[in-house]
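What follows is the residue order along each chain.
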Amino acid sequence: MAMLHRLSTKIGRGISKRCVSFALNSEQQEMIESTRKFVQEDMMPVVPHHDETGEYPWEVLRKAFDLGLMNTTIPQEYGGIGLSILDCCLVLEELGYGCTGMSTAIAGNSLAESPVIIAGSHELKKKYLGRMTEELLVAAYGVTEPSAGSDVASTRTHSKKVGNEYVINGSKMWITNCGHANWFFVFTRSDPDPKAPAGKAFTAFVVDADSPGVTVGRKEWNMGQRASDTRGVTFEDVVVPKENIVGEAGGGFKVAMKCFDKTRPTVGAMSLGLARRALDEASKYATERKTMGKPIFMHQGVGFMLADMAMRYELARLGVWKSCVEYDEGRRNTYYASVGKLYGAIAANANASDAVQIFGGNGFNKEYPVEKLMRDAKIFQIYEGTDQIQKLIISREHIQKYL
């Protein structure tokens, strides 16, 4: 008995030290509240205008920049505030609550900056990250192509070394912030041999948007997230100095894959915001709308829908937070990043659909907010890796435990 008592005491002490807490600290709570205030006062009043016109929300980005809500993961060494991925995601959930089109425009900077933060040289970071913190600029992440989305290895944009420079030719498609970018992160094939291993066949660069040979296409009019600027861009004999290589020559594929571990949780966070917004709108409506003499939330059919919506949001948030903590603590989070991103997209789409259903005919009308949520939600199942790609990753990572 004495031995068991000593063991149980030691185990108890160990558990108390390792206790998992989901409580946020006072600084995180303050960050959420200030972001929420910005969303309510500066973002949401102008959302209908930007959704209707597709006009880029410069006035919202200006305020976000002034408040420190942009470029949040740039290290302090280069002028940023160096937020953890978890803290970044707390901010992005609030922004996604207000408008995922605007939050995508804001987060587009961090997407482009991530490979530079992960693999760029000190000089490259100082030059391109530093400028992002000095004035309001936007950057773009150029990987997707007309014939290469989920299959990154099929990239056709190519680069050729000429002396101490590289010449880039090709085109990218569906690029966020493309029409307003100060610079692009560009993923290219640098080894023309189709049999070359992916780990050695691609090189990534930072390309100034005003470089000769860079041509930006027209703004695409998408189903949703219309405040986000999405376009194609063509590179024709664009000359880039070797100093603008991100990482090592031939190592671009590894850089891109590492970025996904960092950026997929942030996309999941924006989908959380939309899922919560859908739940809030549906819940408020269900308390106000009456049928058969009582508020519709008292009908079991509607009540159960709200329960499903709440459950999806809570579970998706756990998945996103788990992927953030794994990354912030230096552990490989590929599996969790895909879980969080995938289930966040599922929650956003299902909650938006249920919100429209609860609103009934009103939900199908533009005068009410939930039809926009439904249009905005769909892209979460497509960009930053489709649902199907996430399932491939999850299944591959899972089965490794049994091999």
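Residues numbered from 1 in each chain as written. Predicted model: local features only at pLDDT ≥ 70, side-chain atom pairs only at ≥ 80, totals over all residues. Heavy atoms only, no water.

Hey, could you go over the overall build of the protein chain for me, with residue numbers and the actual values?
A tally of helices and strands in the protein chain yields 13 helices and nine strands. For a compact globule of 403 residues, the expected C-alpha radius of gyration is about 22 Å, and the protein chain comes in at 23 Å, within 12% of that figure. In terms of overall dimensions, the protein chain has C-alpha extents of about 75 × 70 × 40 Å along its principal axes. Long-range contacts, defined here as pairs at least 24 residues apart, represent 75% of the contacts in the protein chain between residues at least 6 apart. About 19,100 Å² of surface is accessible on the protein chain, with carbon and sulfur atoms providing 56% of the total. Of note, the protein chain has its 48 positive side-chain charges centred 7 Å away from the centre of its 47 negative side-chain charges. (Helix = DSSP H or I, 4+ residues; strand = E, 2+ residues; numbered from the N terminus. Rg over C-alpha atoms; globule rule 2.2 N^0.38 Å. Contact = heavy atoms within 4.5 Å. Areas by Shrake-Rupley, 256 points an atom, 1.4 Å probe, with all protein chains shown as cover. Lys, Arg positive; Asp, Glu negative; His and termini not counted. Charge placed at Lys NZ, Arg CZ, Asp CG, Glu CD.)

If you had to explain the pattern of salt bridges to someone new, which residues and values would you point to?
In this structure the tally under the stated criterion is 24 salt bridges. In this structure, the salt-bridge partner of Arg 276 is Glu 94, at a minimum N-O distance of 2.8 Å. With Arg 276 in helix 9 (residues 252-288) and Glu 94 in helix 5 (residues 85-98), the pair connects residues that are 182 residues apart, well separated along the chain. Residue Arg 276 is classed as buried on the basis of its relative accessible area, which comes to 13%. When its relative accessible area of 5% is taken as the criterion, Glu 94 is described as buried. With a closest N to O distance of 2.8 Å, Glu 281 and Arg 277 form a salt bridge. Taken together, the positions of Glu 281 and Arg 277, both in helix 9 and four residues apart, correspond to about one turn of that helix. Among the charged side chains, a network of salt bridges with common partners joins Glu 33, Arg 36, Glu 93, Glu 94 and Arg 276. (Salt bridge = Lys/Arg side-chain N within 4 Å of Asp/Glu carboxyl O. Buried < 20%, exposed > 50% of the residue type's maximum accessible area, 1.4 Å probe, protein only.)

Which residues make up unusual backbone geometry, and what values do they have?
Positioned with a positive phi, Asn 71 is a non-glycine residue whose angle comes to about 55°. Residue position: Asn 71 is located in the loop between helix 4 (58-67) and helix 5. With a phi angle near 60°, Glu 384 is a residue other than glycine that sits in the positive phi range. Relative accessible area serves as the criterion here: at 13%, Glu 384 is assigned to the buried category.

Any chance you could break down a nonpolar patch on the surface for me, citing the residues and the numbers?
A cluster of nonpolar side chains, contributed by Val 20, Phe 22, Met 311, Leu 315 and Leu 318, occupies part of the molecular surface with about 500 Å² of accessible area. Overall, the relative accessible area of 43% leaves Leu 315 in the partly exposed class. (Patch = residues over 30% accessible without salt bridge, like charges linked within 9 Å, V, L, I, M, F, W, Y side chains within 5 Å.)

Explain the pairing of strand 3 (residues 165-176) residue by residue, including any values.
Where strand 2 (residues 158-162) meets strand 3, five bridges bridge the pair, whose relative direction is antiparallel. For His 158, the partnering residue across the bridge sits in strand 3 and is Asn 169. Here strand 2 folds back onto strand 3, and the loop between the two strands holds two residues, one of which, Gly 163, carries a positive phi near 65°. Summarising the sheet, strand 3 and strand 7 (residues 230-241) pair through nine bridges and their orientation is antiparallel. Among the inter-strand pairings, Ser 171 is bridged to a residue of strand 7, identified as Thr 234. (Pairing = 2+ DSSP bridges.)

How would you explain the packing of helix 10 (residues 300-328) against helix 11 (residues 334-359) if you had to name every residue and give the values?
It is at 8 Å that the axes of helix 10 and helix 11 come closest, and there the two elements cross at 160°. Judged by the angle between their axes, helix 10 and helix 11 are roughly antiparallel. Crossing geometry of helix 10 relative to helix 11 is assigned as left-handed. A per-class count over the contact of helix 10 with helix 11 returns 15 nonpolar, six polar and four charged. (Axes fitted to C-alpha atoms, helices over the stretch in contact; angles between N-to-C directions. Parallel < 35°, antiparallel > 145°, perpendicular 65-115°, else oblique. Left-handed = near helix turned anticlockwise from the far one by under 90°. Nonpolar A, V, L, I, M, F, W, Y, C, P; charged D, E, K, R; others polar.)

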